[in-house]
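Examination of the molecular architecture
Each chain, letter by letter, is given below.
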Amino acid sequence: KLNDILKGWRDSELTIWSGRSGAGKSTILNQVILHLGGMNIKSCMASLEMPPKRYLRWAVIQHLKAVHPHPSQVDRALDYFDNLIYIINTHEQIEPGLLLEIFEYAARRYDVKHFIIDSLMRIKLPGKKDVEEQKEFVSSLLSFASKFTVHVHLVAHPRKGYADSDKPGKSDVKGSGDITNLADNILIMWRVDEEEKEAAMKKKLSVSDQILFVKKNREFGLEGGIKMYFDKDTKNFSDGS
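Residues numbered from 1 in each chain as written. Predicted model: local features only at pLDDT ≥ 70, side-chain atom pairs only at ≥ 80, totals over all residues. Heavy atoms only, no water.

1. Points about the pattern of salt bridges
For clarity, the threshold we go by: What counts as a salt bridge is simple: a side-chain nitrogen of Lys or Arg found within 4 Å of a carboxyl oxygen of Asp or Glu. With a 1.4 Å probe rolled over the protein chains alone, any residue whose accessible area is under 20% of its type maximum counts as buried; one over 50% counts as exposed, and the rest are partly exposed.
One pass over the structure, following the stated rule, counts four salt bridges. The salt bridge involving Arg-10 is made with Glu-13; its shortest N-O contact spans 2.9 Å. As a salt-bridge pair, Asp-111 and Lys-113 come within 3.6 Å of each other at their nearest N and O atoms. Owing to a relative accessible area of 47%, Asp-111 belongs among the partly exposed residues under this scheme. Overall, Lys-113 belongs to the partly exposed group, its relative accessible area being 27%.

Set out below in structure tokens:
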């Protein structure tokens, strides 16, 4: 259903992913990476909030759809990831220049087509002119995407004061407004709270765990919300189709 709205991932574009902590934005983004791998499309992950070892554990469970996979299954999954998913071996803050240097190497050397930064708050900006520096960094991501005809995914947390029950919008993405202005696509994951679930059940409506909002789609202009259902054991989302 996301594909129905976005019409696929396009080269030379930047997608912003946002949502409250625990809403599932990193989880569904990783599911996208695994799906791309299934089409032999390579990705490079800068998982700056999670150590590579933990990230791989998460990815193996998602890929195998197994809570406690056998060691032989794990080996097969890691063999499958080889040459499809490249992980930057750090979860510390990173300088923008170094990150783009690594990305450029991955694009040239391994023909990687999707680049993921999780998240913006782990990019080491000097902080003297925060708004301007964020704008420059996001602009540099767009230049990179255009130069190497690739797609960049950037996770950006919501602004302070954004409550769990608030329906998200473009202006709720933390940081400079230029971030959302420069982006080609904006996707926001929203967790449905228990109160809303109860209200929906009383009306005998379909109750989802999360809703993935498409708040910007520069190419086609289509927006919308997609009901998502989460399997906690396998860490997989489904849109119910």
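So, next bit.
2. Observations regarding the side chain of Asn-185
The cut-off we apply is this: The helix and strand labels rest on DSSP assignments: H or I over at least four residues marks a helix, E over at least two residues marks a strand, and numbering proceeds from the N terminus. Think of a polar contact as two N or O atoms within 3.5 Å of one another; within protein, one of them needs to be a possible hydrogen donor and the other a possible acceptor, and neighboring residues in sequence only count if both atoms come from side chains. Here, residues are in contact when the closest pair of their heavy atoms is within 4.5 Å.
Tracing the backbone shows Asn-185 in strand β6 (residues 185-191). Residue class for Asn-185 comes out buried when judged on its relative accessible area of 1%. Side chain to side chain, Asn-185 and Thr-15 meet in a polar contact 2.9 Å long. Filtering out sequence-adjacent residues up to four positions away, Asn-185 remains in contact with Leu-6, Arg-10, Glu-13, Leu-14, Thr-15, Ile-16, His-151, Lys-216, Asn-217 and Arg-218.

3. Some details on the environment of Arg-108
Tracing the sequence through the fold places Arg-108 in helix α5 (residues 96-110). Each C-alpha atom, one on Arg-108 and one on Asp-82, is 17 Å from the other, the two residues being 26 residues apart in sequence.

4. Some remarks on unusual backbone geometry
Backbone torsion omega between Asp-118 and Ser-119 reads 15°, so that peptide bond is classified as cis. Here Ser-119 is to be found in the loop between β4 (114-118) and α6 (130-147). One non-glycine residue, Thr-149, lies in positive phi territory at about 45°. Relative to the elements of secondary structure, Thr-149 occurs in the loop between α6 and β5 (151-155). Unusually for a residue other than glycine, Lys-235 sits at a positive phi of about 60°.

No statement about biological role is implied by the geometric values presented.
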